[in-house]
Amino acid sequence: MARYRTNVANAGCAILREKVASVMGFTLLELILVIAIAAIILPSVLIPFSAGVRRGGKPEIYAVATYLAQERMELLRASDFGSLTPVGSWISETPITLNGRSYSRSYIIQYADSSMQTDDDDDADGIDDDGDGINPSQTYKRITVTVSNGEISDTTLTTGRVNL
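Computed from a predicted structure; not experimentally measured. (Residues numbered from 1 in each chain as written. Predicted model: local features only at pLDDT ≥ 70, side-chain atom pairs only at ≥ 80, totals over all residues. Heavy atoms only, no water.)

> Would you mind going over the side chain of Arg105 with me for this structure?
As for its position among the elements, Arg105 is in strand S3 (residues 101–112). A polar side-chain atom of Arg105 sits 2.8 Å from the main-chain carbonyl oxygen of Leu68. Side-chain polar atoms of Arg105 contact the side chain of Glu93, separated by 2.6 Å. (Helix = DSSP H or I, 4+ residues; strand = E, 2+ residues; numbered from the N terminus. Polar contact = N/O pair within 3.5 Å; in protein donor to acceptor, adjacent residues only side chain to side chain.)

See the structure below:
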């Protein structure tokens, strides 16, 4: 009878060992492999995400800069054609502060040819003074407005005016 108990006991241990082996979990090698794969994949996911979080306030800055440029552009476009006197250099305005951020706005009015090409070396007599092929006339003026903020690149709007 002792022999029978031993065989039954050994059979029970074998069954118990199979159950334990099937639910033991991960080996050390499997854990190291998962950590290595995560170390490769996570930076490629987290870096763009964190960069997006850092730039979260920039759409507002771009929107305000575009609004300020559009505001000046509309005022200049509403002006009489004769009052838009080209000066050949940028006209800077007093810095504007909105929402705690400072913006610099400037504009330039230039004589242009029919394709809106400008040339600061020519005057408005319609003669190509420096031989570069651009003949400015008093019929076309190009207006460019630029708004700057230290946190974003410049926002620039350009339009043309025709004296008909």
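Further notes follow.
> Help me out: how do you make sense of the pattern of salt bridges in this one?
A pair can form between side chains of opposite charge whenever their charged atoms are brought close. According to the stated counting rule, one finds five salt bridges in the structure shown. Note that Arg101 and Glu60 form a salt bridge whose closest N and O atoms lie 4.0 Å from each other. With Arg101 in strand S3 and Glu60 in helix H3 (residues 58–78), the pair connects residues that are 41 residues apart, well separated along the chain. Of the residues examined, Arg101 reaches a relative accessible area of 22% and is grouped as partly exposed. Since its relative accessible area comes to 38%, Glu60 is described here as partly exposed. Within this structure, Glu71, Arg72, Glu93 and Arg105 form a network of salt bridges that share partners. (Salt bridge = Lys/Arg side-chain N within 4 Å of Asp/Glu carboxyl O. Buried < 20%, exposed > 50% of the residue type's maximum accessible area, 1.4 Å probe, protein only.)

> Explanation requested: the nonpolar core in the structure shown.
What tends to happen in soluble globular proteins is that the nonpolar side chains get buried as a cluster. Judged by nonpolar contacts, the single largest core of 16 residues is most densely connected at Leu68, Leu76, Tyr103, Ile109, Ile143, Val145 and Val147. Of all the secondary-structure elements, those providing two or more residues to this core are H3, S3 and strand S4 (140–149). Ranked by residues supplied to this core, first place goes to H3 with seven residues. Setting aside anything within four residues of it in sequence, one finds Ile143 in contact with Met73, Leu76, Leu84, Ile108, Ile109, Leu157, Thr158, Thr159 and Arg161. (Core = buried A, V, L, I, M, F, W, Y, C linked by side-chain atoms within 4.5 Å. Contact = heavy atoms within 4.5 Å.)

> Quick question: what am I supposed to make of the environment of Met73 here?
Counting through the fold element by element, Met73 comes out in helix H3. The buried category is assigned to Met73, whose relative accessible area is 4%. The sequence separation of Met73 and Thr158 amounts to 85 residues, and the corresponding C-alpha distance is 8.3 Å. In this structure, Met73 is in contact with Ile143, Val145, Leu157, Thr158 and Thr159, ignoring residues within four places of it in sequence.

> Hey, could you run me through the packing of aromatic side chains in this one?
For any pair of aromatic rings, the description consists of the separation of the ring centres together with the inter-plane angle of the planes. Within this structure, the stated rule accounts for zero aromatic pairs. Positioned above the aromatic ring of Phe81 is the side chain of Lys141, whose terminal nitrogen or guanidinium carbon lies 4.2 Å from the ring centre. (Phe/Tyr/Trp six-rings, centres within 6.5 Å; stacked < 30°, edge-to-face > 60°. Lys NZ or Arg CZ within 6 Å of the ring centre and 35° of its normal.)

> Would you take a moment to explain the pairing of S4 for this structure?
The side chains of a regular strand alternate between the sheet's two faces. Within S4, seven of the ten residues are buried, which leaves it mostly tucked inside the rest of the structure. Bridging between S4 and strand S5 (residues 152–162) involves nine bridges; their strand directions are antiparallel. Across the sheet, the residue bridging to Ile143 is Thr159, located in S5. Taking the residues between adjacent antiparallel strands as the criterion, S4 and S5 are bridged by two residues. (Pairing = 2+ DSSP bridges.)

Such coordinate-based values are descriptive only and should not be taken to indicate function.
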